[in-house]
Amino acid sequence: MSHGCSNVLIRCMDYRIDMGVHDFLLNNEMLGDTDVVSVAGSCKDLLKGFGWSESKYLLTQIEISIKLHGIKRIILTQHENCGPYGGLEVFGTVEMEKEFLIKEMKELKQKLAKRFPDQEILMFWFIRPEMNEDTVPWDYQPVED
Ligand SMILES: [Zn+2]
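None of the values given here were measured: they were computed from a predicted structure.

**Q** When you look at the overall build of the chain in this model, what are you seeing that I'm missing?
**A** For the chain, the helix and strand inventory stands at four helices and five strands. Walking the chain from its N terminus toward its C terminus, one meets helices and strands in the order β-α-β-α-β-α-α-β-β. Compactness check: the chain gives a C-alpha radius of gyration of 15 Å against a globular reference of 15 Å for 145 residues, within 12% of the reference. Burial statistics for the chain: of 145 residues in total, 28% are counted as buried. A separation of at least 24 residues holds for 68% of the contacts in the chain among residues at least 6 apart in sequence.

Written as structure tokens, this is what we have:
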């Protein structure tokens, strides 16, 4: 392997979280050391079951990251007001949306842990700023098992 990095990060394609993800990578010394997979709904299609073409496509991204770059860590992220899940309108409250999306992220972590037992898997929740969500970096917090 002529070159490599330490992490692959799975994120939603939503432009609003760009600066927050950048801050996350920078603050955790992962900027320039992370493959980033950006897809609508982040973990959503990976969780449909590994037989679905969408989840196969996403799994392939992780496998390529492992094979080509020798990563040691998979970072799962989800964020508030995620459109592919229906956003706040579907869940009613931020708390209910958070509970559901984090439950999904934990389920995915368990599945990925079986498939990639050598990888450390971390989870983070991105929080919508109270104002100017398009221009203010979203904050984030770690999610425990
Ligand atoms: Zn989203």
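Still to come is the rest of the account.
**Q** Teacher, can you tell me more about the pairing of strand E4 (residues 120-127) here?
**A** In the case of a regular strand, side chains alternate between the two sheet surfaces. The pairing of strand E3 (residues 73-79) with E4 spans seven bridges and is classified as parallel. Its bridge partner being in E4, Leu-76 is matched across the sheet by Met-123. Across four bridges, E4 lies against strand E5 (residues 139-142) in antiparallel orientation. Bridge assignment links Ile-127 to a residue of E5, and that residue is Asp-139.

**Q** Got a minute to help me understand the sheet that holds strand E1 (residues 7-11) in this structure?
**A** Remark on secondary structure: sheet strands pair via backbone hydrogen bonds, oriented parallel or antiparallel. Strands sit in the order E2-E1-E3-E4-E5 across an open sheet of five strands; the sheet is mixed. Looking at strand neighbours, the two that pair on one side only are strand E2 (34-38) and E5, the edges of this open sheet. Between one strand and the next, the sheet's axes are offset by a mean angle of 25°, whatever the strand orientation. On top of the sheet, helix H2 (residues 53-69) reaches E1, E2 and E3; it is set at about 170° to E2, its chief contact.

**Q** When you look at the environment of Pro-142 in this model, what are you seeing that I'm missing?
**A** Position of Pro-142 among the secondary structure elements: in strand E5. Residues Pro-142 and Met-123, 19 residues apart in the sequence, show an inter-C-alpha distance of 6.0 Å.

**Q** I would appreciate a short explanation of the environment of Ser-42 in the present structure.
**A** Here Ser-42 lies in the loop between E2 and H2. Among the residues examined, Ser-42 registers 30 C-beta atoms within 10 Å and is labelled buried. For Ser-42 and Lys-67, which are 25 residues apart along the polypeptide, the C-alpha to C-alpha distance reads 21 Å.

**Q** Would you take a moment to explain the environment of Ile-64 for this structure?
**A** As for its position among the elements, Ile-64 is in helix H2. Ile-64 gets classed as partly exposed once you count the C-beta atoms within 10 Å, which come to 14. Between the C-alpha atom of Ile-64 and that of Asp-35, which follows or precedes it by 29 residues, the distance is 9.9 Å.

Definitions and limits used
Numbering of residues starts from 1 in every chain and runs along the sequence as written. Only residues with pLDDT of at least 70 are given local features in this predicted model, and only at 80 or more are side-chain atom pairs given and counted; all residues enter the totals for whole chains, interfaces and linings. In DSSP terms, a helix is any run of H or I states spanning at least four residues, a strand is any run of E spanning at least two, and both are numbered starting from the N terminus. Between the two quantities, the radius of gyration covers C-alpha atoms and the globule rule is 2.2 Å times the number of residues to the power 0.38. Here exposure depends only on C-beta density: within 10 Å of a residue's C-beta, 20 or more other C-beta atoms make it buried, 12 or fewer make it exposed, and intermediate numbers make it partly exposed, the C-beta atoms being placed from the backbone. Residues are defined as contacting one another if the C-beta atoms placed from their backbone atoms lie within 7 Å. Following DSSP output, two strands are said to pair if at least two bridges run between them. The angle between two axes is taken between their N-to-C directions and runs from 0 to 180 degrees, where each axis is a line fitted to C-alpha atoms and a helix contributes only its stretch in contact.

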